[in-house]
Amino acid sequence: MSFGVIITALLALLLLGYFIGRKRSITLSKERSQKLHSLPQYYGYLIAFWSSVPALLILLFWAALESSFIISAIVTQLPMHLQQLSTDEIGLFINEIINLSNSGLIAEDEVKRQAVSRYNELTEFSTSIKSAIVFILAFVGMFVALSFVKPEMKARNLVERLIRWAMIGCASIAVLTTIGIIFSVIFESIIFFKTVNVFDFLFGTHWSPQEAIREDQIGGSGSFGALPLFVGTLLISFIALVIAVPLGLMSAIYLSEYSSPSFRSFAKPILEMLAGIPTVVYGFFAALTVAPFIRDLGESFNLSLSSESALAAGIVMGVMIIPFVSSLSDDVISAVPQSMRDGSYAMGATKSETIKQVIIPAALPGIVSGVLLAASRAIGETMIVVMAAGLSANLTFNPLEAVTTVTVQMVTLLTGDQEFDSAKTLAAFALGLGLFLTTLVLNIISLYIVRKYREQYE
Amino acid sequence: MIDIEKREEFDIEIDKTVGKPFIDDAKFSTRNVDVFYDDKQAIFDANIDIGKNQIIAMIGPSGCGKSTFLRCLNRMNDTIQGCHISGDIKLDNEDIYHKHQDPVLLRARVGMVFQKPNPFPKSIYDNVAYGAKLHGLASNKIELDELVEKSLIRAGLFKEVKDSLHKPGTGLSGGQQQRLCIARTIAIDPEVILMDEPTSALDPIATAVIEELMIDLSKKYTIAIVTHSMQQAARVSQRTAYFHMGHLVEVNDTNTVFTNPEHQLTENYITGRFG
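Predicted model only: the values in this text are computed from it and were never measured.

Procedures and definitions
- Residues numbered from 1 in each chain as written.
- Chains lettered and ligands numbered in written order.
- Predicted model: local features only at pLDDT ≥ 70, side-chain atom pairs only at ≥ 80, totals over all residues.
- Helix = DSSP H or I, 4+ residues; strand = E, 2+ residues; numbered from the N terminus.
- Rg over C-alpha atoms; globule rule 2.2 N^0.38 Å.
- Buried ≥ 20, exposed ≤ 12 C-beta atoms within 10 Å, placed from the backbone.
- Contact = placed C-beta atoms within 7 Å.
- Expected span 1.5 Å × (residues − 1).
- Bend = angle between axes of the 7 residues up to and from the residue.
- Pairing = 2+ DSSP bridges.
- Nonpolar A, V, L, I, M, F, W, Y, C, P; charged D, E, K, R; others polar.
- pLDDT = per-residue confidence, 0-100.
- Core = buried A, V, L, I, M, F, W, Y, C linked by C-beta atoms within 7 Å.
- Axes fitted to C-alpha atoms, helices over the stretch in contact; angles between N-to-C directions.
- Parallel < 35°, antiparallel > 145°, perpendicular 65-115°, else oblique.
- Left-handed = near helix turned anticlockwise from the far one by under 90°.
- Domains from an automatic or database assignment.

1. So, the overall build of chain B
Assigned secondary structure in chain B consists of 11 helices and 11 strands. Here chain B has a C-alpha radius of gyration of 19 Å; the compact-globule value for 275 residues is 19 Å, and the two agree. Along the longest, intermediate and shortest principal axes, the C-alpha atoms of chain B span 60 × 45 × 35 Å. For chain B, the residues scored as buried account for 47% of the 275 residues in total. Contacts in chain B between residues far apart in sequence, at least 24 positions, make up 70% of those at least 6 positions apart.

2. Notes on the overall build of chain A
For chain A, the count of helices and strands is 16 helices and 2 strands. In summary, chain A has a C-alpha radius of gyration of 31 Å against a globular reference of 23 Å for 458 residues, an excess of more than 25%. Along the longest, intermediate and shortest principal axes, the C-alpha atoms of chain A span 85 × 80 × 35 Å. Counting only residues that meet the buried cut, chain A has 33% of its 458 residues in that class. Residue pairs in contact within chain A that sit at least 24 positions apart in sequence constitute 75% of those at least 6 positions apart.

3. Brief notes about helix α2 (residues 40–77) of chain A
Since the α-helix turns once every 3.6 residues, residues separated by three or four places project in the same direction. Its 38 residues give α2 of chain A an end-to-end C-alpha distance of 55 Å, which sits within 8% of 56 Å, the value for a rise of 1.5 Å per residue. The largest bend along α2 of chain A measures about 35° and falls at Leu-65 of chain A.

4. Side note on the pairing of strand β4 (residues 55–59) of chain B
Residues and elements named next belong to chain B. Among the 5 residues that make up β4, 5 are buried, leaving the element largely enclosed by the rest of the structure. Of the two faces of β4, the one lined by Ile-55, Ala-57 and Ile-59 and the one lined by Ile-56 and Met-58 are each fully buried. Where β4 lies against strand β9 (residues 222–226), 4 bridges are found, and the strand directions are parallel. Across the sheet, residue Ile-55 finds its bridge partner in β9, namely Ile-223. Pairing between β4 and strand β10 (residues 239–244): 4 bridges, direction parallel. Bridge pairing in β10 places Ile-56 opposite Arg-239.

5. Regarding the interface of chain B and chain A
Interface extent is often summarised as the accessible area lost during association of the parts. Facing 23 residues of chain B, the contacting portion of chain A comprises 18 residues. Put simply, the parts of the chain that give the side of chain B that touches chain A at least two residues each are α3 (103–109), β7 (110–113) and α4 (124–134) of chain B. In terms of residues, the side of chain B that touches chain A owes the most to one element, α3 of chain B, which gives 4 residues. Taken together, the residues of the side of chain B that touches chain A sort by class into 12 nonpolar, 7 polar and 4 charged.

6. Here we look at the confidence of the model for chain B
All names here are of chain B. Averaged over all residues, the pLDDT of chain B equals 88, while 94% of them reach at least 70. Element-level pLDDT for chain B is lowest in helix α1 (residues 2–11), with a mean of 50, against a maximum mean of 94 in β9. Across residues 1–5 the pLDDT falls below 50, and counting only partners more than four positions away or on other chains, this stretch makes 3 contacts in the model. What the predictor reports for the complex is a pTM of 0.75 with an ipTM of 0.88.

7. So, the environment of Ile-70 of chain A
When you line up the elements, Ile-70 of chain A lands in helix α2. Placed 52 residues apart in sequence, Ile-70 of chain A and Leu-122 of chain A show a C-alpha to C-alpha distance of 6.5 Å.

8. Here's the deal with the nonpolar core
Residues and elements named next belong to chain A. Grouped together as the largest cluster of nonpolar side chains are 151 residues, with contacts concentrated most on Ala-286, Ala-312, Ala-313, Val-316 and Ala-388. Considering each element in turn, this core owes the most residues, 16 residues, to helix α11 (residues 310–335). The residues contacting Ala-312, other than those within four sequence positions of it, are Ala-286, Val-290, Ala-291, Ile-294, Ala-388 and Ala-389. With 21 residues, the next largest nonpolar core counts Leu-14, Tyr-42, Leu-59 and Val-149 among its residues.

9. Let's talk about the packing of α2 of chain A against helix α6 (residues 155–195) of chain A
Helices that pack against each other are described as a pair by the angle of their axes relative to one another and the distance between those axes. Residues and elements named next belong to chain A. Relative to each other, α2 and α6 sit at 45°, their axes nearing to 8 Å. As the angle between them shows, α2 and α6 are arranged oblique. Crossing of α2 over α6 shows left-handed handedness. On α6, the residues touching Tyr-42, Tyr-43, Tyr-45, Leu-46 and Phe-49 of α2 are Ala-155, Arg-156, Leu-158, Val-159 and Leu-162.

10. Some points on the domain arrangement of chain A
Entries for chain A in the domain assignment read domain 1 (3–153) and domain 2 (208–457). Put simply, the middle of domain 1 of chain A and the middle of domain 2 of chain A, counted by C-alpha atoms, are 48 Å apart.

11. What about the packing of α11 of chain A against helix α13 (residues 351–380) of chain A?
All names here are of chain A. Where α11 meets α13, the closest approach of the two axes is 8 Å, and the angle between their N-to-C directions is 150°. In terms of orientation, α11 and α13 fall into the roughly antiparallel class. Crossing hand, α11 versus α13: right-handed. Counting all contacts with α11, which are made through Met-317, Ile-321, Phe-324, Val-325, Leu-328, Ser-329, Val-332 and Ile-333, the residues of α13 involved are Ile-359, Ala-363, Gly-366, Ile-367, Ser-369, Gly-370, Val-371, Leu-373, Ala-374, Arg-377 and Ala-378. For the contact of α11 with α13, a count of residues per class yields 14 nonpolar, 4 polar and 1 charged.

12. Quick word on the environment of Phe-22 of chain B
Following the sequence through the fold, Phe-22 of chain B ends up in the loop between β1 (18–19) and β2 (26–37). The sequence separation of Phe-22 of chain B and Val-251 of chain B amounts to 229 residues, and the corresponding C-alpha distance is 8.6 Å.

13. What about the pairing of β2 of chain B?
Residue and element names in this part refer to chain B. Summarising the sheet, β2 and strand β3 (residues 40–51) pair through 8 bridges and their orientation is antiparallel. Note that in β3 the partner of Val-35 across the bridge is Ile-43. Between the end of β2 and the start of β3, which pair antiparallel, lie 2 residues, with Asp-38 showing a positive phi angle near 55°. Both β2 and strand β5 (residues 83–91) contribute to a ladder of 8 bridges, which runs antiparallel. From the neighbouring strand, Arg-31 faces β5, where its bridge partner is Asp-88.

14. What about helix α15 (residues 406–414) of chain A?
Every buried residue of α15 of chain A is listed here: Val-406, Thr-407, Val-408 and Gln-409 of chain A. Following α15 of chain A by one or two positions, Gly-416 of chain A has its phi on the positive side, about 85°.

15. What to know about unusual backbone geometry
All names here are of chain B. Although it is not a glycine, Arg-75 sits at a positive phi angle of roughly 60°. Relative to the assigned elements, Arg-75 resides in the loop between α2 (66–72) and β5. C-beta crowding within 10 Å serves as the criterion here: with 20 such atoms nearby, Arg-75 is assigned to the buried category.

Below you can see the structure in the form of structure tokens.
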């Protein structure tokens, strides 16, 4: 029985369990003329849980381990000379077996033919055992749980406990995924740092990851000084924030303090729409409108500028992240209690004095988190930079020159056919680690600021 | 039961404010004041004088318009959308709703203390210095320090906070916060202090401290207080105004109101037949 069929059957059992459990609790309560501890649906939920979830977990567990067991079983049955091959070669061999089995072709080699038939047998056996175990577990779960249903059973509290565990499960999946990503990046980076010195990577000023393929190739020395990339990232993000923070904050203040409710309800969604525009479109806008405009403007001052510049990318990125600042700030400013405003007005303060001295300080933690969210967004942005700021890794603080960023270089390092053991590819992980640490530091700073002001203002 | 009594109240005519709404030495005088929230009328033709260096208490059941009336006196109602006021309100014979009158400057003359203590998210010192800085009342740091200290002393808070002036005002207890709000109000030296149920969020001990403070402050300031506690009105005020469903029913000396009210509605209220 295939995986999909089993899942569908389990879902059907779940529904069935719900109705049976519900029905049973009502019947029992009538028979014994005893009041139910909880509403009937809670008994339903419990039966539904026991008749599907444990079986489902076993199913997933089995599916995860199945293939590795089958493979090791096949490998032990192979002739000695094959078993002594390297892991990679055995992997290739196994892949061939699986492909043969899936395509249904007959292998010409006797050893392979045997392996294929063994593979087919084992898979079939595993599937039938799996289906049997899953359904036995489902029905046993349902009947055992049903036998526990009594009117005095505290079904509501038990369901509450199940929900608690479900929440813990969801939260741990999110956390474990994050930890997994971090470790994978760290391990790959460690391999990279075996070939390239950490200090050369962090403080080197020359970035040219192309490596020589032939010995006599000129250029392509493979130098991994990431400083220009980080400087480029920070430069563009800084320009973006210089644009986005004042504009976003001011528009948030206007929307929450000055505008009429009708204007606000119409303007806020439009402002938030800025965040919904795909970044590729912003990239177009930057490359085709803003960058040429800056170049032409430069020409009118007798400056010869390239049509790719950090400024163009930064400006457009700034526009893109305005809603992150404005929308969050607007929410926190609106959340400042009216009593604060009243208190300030009653002291004879004007509106702008009140905003500056009372409302902004009170809303500061929220505003800071909005700005940092915008900053993380700017640091991680790729598309606009590719299109408007170029690919050349210049170490410069001049916003009129072409620069490149960490994310852009990661993309160029990993696109196309790549071998996954060259320093060039692994450099992407090291860059990723650097980027991750940068945003981590930003987050820690923001948490610190938020906590400091929370203590002071609440 | 409440319904029956309410119906009884409707039968009683509210024609004209009874008692002595007008006095000679008036700080505030209001004539024919109507207040509307959009189309709903909240105050009907209020005529009353508020005497200089006196405490006047405004009492009445919830929703009777006493807070609305109080907020007319420093034009706090201006900040509420759809609120519209007609009639004359004069402070020292000067129309506060005149088109040349600046509500911001008016509020520096007529301070206000609110029901829920609302210290700013700043230090105790900055809370008190807030108004002084806005209005340029101190020319240097030393003057400002003195002003803050003086105001805190007057509000009876200085002893408790003198070692923690730079800690957040929001960390104080409810009663201390309310005294901080009073300190910040008197720091700008207003002529009138409006208090909107200033002790309703406080415990009896803090309430007693604030009541004493009010009596003390009334030597220098004119005070108008809205309160739900009739005992409080009786304890602190010289005159009492009774509001009922937007009408100013009776204004009299506090003694008279609580011992020998002229209007049937006032009597019903103070004897606890409804409220």
